[in-house]
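A look at the structure
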Amino acid sequence: MDKNKTGDINNSNVDNPLLHFDALAAGIKMGGLRSVSAINLLVSYIVANLSNKVKANTIVLAMDESGLANHFEVSDAIGRLLKNGVIVENEDGTLKLGNTNNADIELVEMDLPLTVRDKSIELCNKILAKEQFKRENKAEIVEAENGFEVVLCVSDNNTDFMRLNLYAATREQAEVIKEKFISNPVAVYEKLIDSIFENEQ
């Protein structure tokens, strides 16, 4: 068995994982990872830096959006690392390091380009923030006469700070409005408030 596929991040064969082109390349962009070992390292690096915050599907989605690694290779890497105890899944689905530690990650993370490391963490944080916004704030599309109504709501616990109904002529337009709002509902609220007070001056 190829030890590079066991998920052991301390394996001596991982001296330069970028040179092992043994991973599927479909869907990855220029500069993406084509090595099973490198993908193992990147997943471990993400979990180490976002311990008890990030879930497996968040990592996969981040890699899909960035084109840093093949969807199936990332899923396989997570499965291997879980099986070998390198990472552990909590009851709520979040991940943390298992039979390794941050020092181990620091020793091997330099094998990965800085841009890959930074981009992976940035995208995971972006997705985590978006998931939190979706939980705390609401954006609903309701079919209406001659179009669609997008109901946007900024909430804090049981208090609604803003409820805004916008008309969209098509489902596609409604989806764009919904996604733009969900990406940063607080910014939408703050700009609206600023605009209201500016008009009063």
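Please refer to the structure higher up on the page.
Let me sum up the structure you'll find in this document. (Residues numbered from 1 in each chain as written. Predicted model: local features only at pLDDT ≥ 70, side-chain atom pairs only at ≥ 80, totals over all residues. Heavy atoms only, no water.)

Regarding the overall build of the chain
The number of helices and strands found in the chain is seven helices and five strands. Helices and strands appear in the chain in the N-to-C order α-α-α-β-β-α-α-β-β-β-α-α. The 201 residues of the chain split such that 41% are buried. (Helix = DSSP H or I, 4+ residues; strand = E, 2+ residues; numbered from the N terminus. Buried < 20%, exposed > 50% of the residue type's maximum accessible area, 1.4 Å probe, protein only.)

Section: the layout of surface pockets
Any empty space left between atoms is shown by rolling a water-sized probe over those atoms. The computed volume of the largest pocket comes to approximately 220 Å³. Forming the boundary of the largest pocket are 11 residues, of which Glu65, Lys126, Ile127, Lys130 and Ser183 lie nearest the centre. Every element with two or more residues in the lining of the largest pocket is listed here: α2 (56-66), α5 (114-136) and α6 (171-183). A total of six residues in the lining of the largest pocket trace back to one element, the largest contributor, which is α5. Residue classes in the lining of the largest pocket are distributed as three nonpolar, one polar and seven charged. (1 Å grid on protein atoms, 1.4 Å probe; cavity = no way out; pocket = protein on both sides within 12 Å on 5 of 7 lines; lining within 4 Å. Points joined across faces, edges and corners; volume = space filled by probe spheres on them. Nonpolar A, V, L, I, M, F, W, Y, C, P; charged D, E, K, R; others polar.)

Focus on α2
Taken together, the buried positions of α2 are Thr58, Ile59, Val60, Ala62, Met63 and Ser66. Looking at the residues trailing α2, positive phi occurs at Gly67, about 70 degrees.

A closer look at the nonpolar core
Core analysis: the largest hydrophobic core is formed by 35 residues, its most contacted members being Val43, Ile46, Ile59, Val74 and Ile87. Looking at this core, the elements with two or more residues in it are α1 (36-49), α2, α3 (71-83), β2 (95-97) and α5. In contact with Val74, other than residues within four places in its own chain, are Ile39, Val43, Ile59, Val60, Met63 and Ala69. Grouped together as the second largest cluster of nonpolar side chains are 11 residues, Ile141, Phe148, Val154 and Ala174 included. (Core = buried A, V, L, I, M, F, W, Y, C linked by side-chain atoms within 4.5 Å. Contact = heavy atoms within 4.5 Å.)

Observations concerning the packing of α2 against α3
Look at α2 against α3: their axes get within 9 Å of each other, and the N-to-C directions meet at 155 degrees. It follows that α2 is roughly antiparallel to α3 by the angle criterion. Seen from above, α2 lies across α3 with right-handed handedness. Contacts between α2 and α3 involve Ala56, Ile59, Val60, Met63 and Asp64 on the former and, on the latter, His71, Val74, Ser75 and Ile78. Its residues assigned to classes, the contact of α2 with α3 shows six nonpolar, two polar and one charged. (Axes fitted to C-alpha atoms, helices over the stretch in contact; angles between N-to-C directions. Parallel < 35°, antiparallel > 145°, perpendicular 65-115°, else oblique. Left-handed = near helix turned anticlockwise from the far one by under 90°.)

Thoughts on the pattern of salt bridges
This model, assessed by the stated rule, comprises one salt bridge. Two residues, Arg171 and Glu175, come together in a salt bridge whose shortest N-O distance is 3.9 Å. Highlighted residues: Arg171 and Glu175, both in helix α6, separated by four residues, approximately one helical turn. For Glu175, a relative accessible area of 32% corresponds to the partly exposed category. (Salt bridge = Lys/Arg side-chain N within 4 Å of Asp/Glu carboxyl O.)

Thoughts on unusual backbone geometry
Within the chain, Asn52 stands out as a residue other than glycine whose phi angle is a positive 65 degrees. Mapped onto the fold, Asn52 is located in the loop between α1 and α2. Of the residues examined, Asn52 reaches a relative accessible area of 44% and is grouped as partly exposed. Of note in the backbone geometry, Asn146 takes a positive phi value of approximately 65 degrees without being a glycine. Position of Asn146 relative to the elements: it lies in the loop between β3 (138-144) and β4 (147-156). Note on Asn146: relative accessible area 65%, which makes it exposed.

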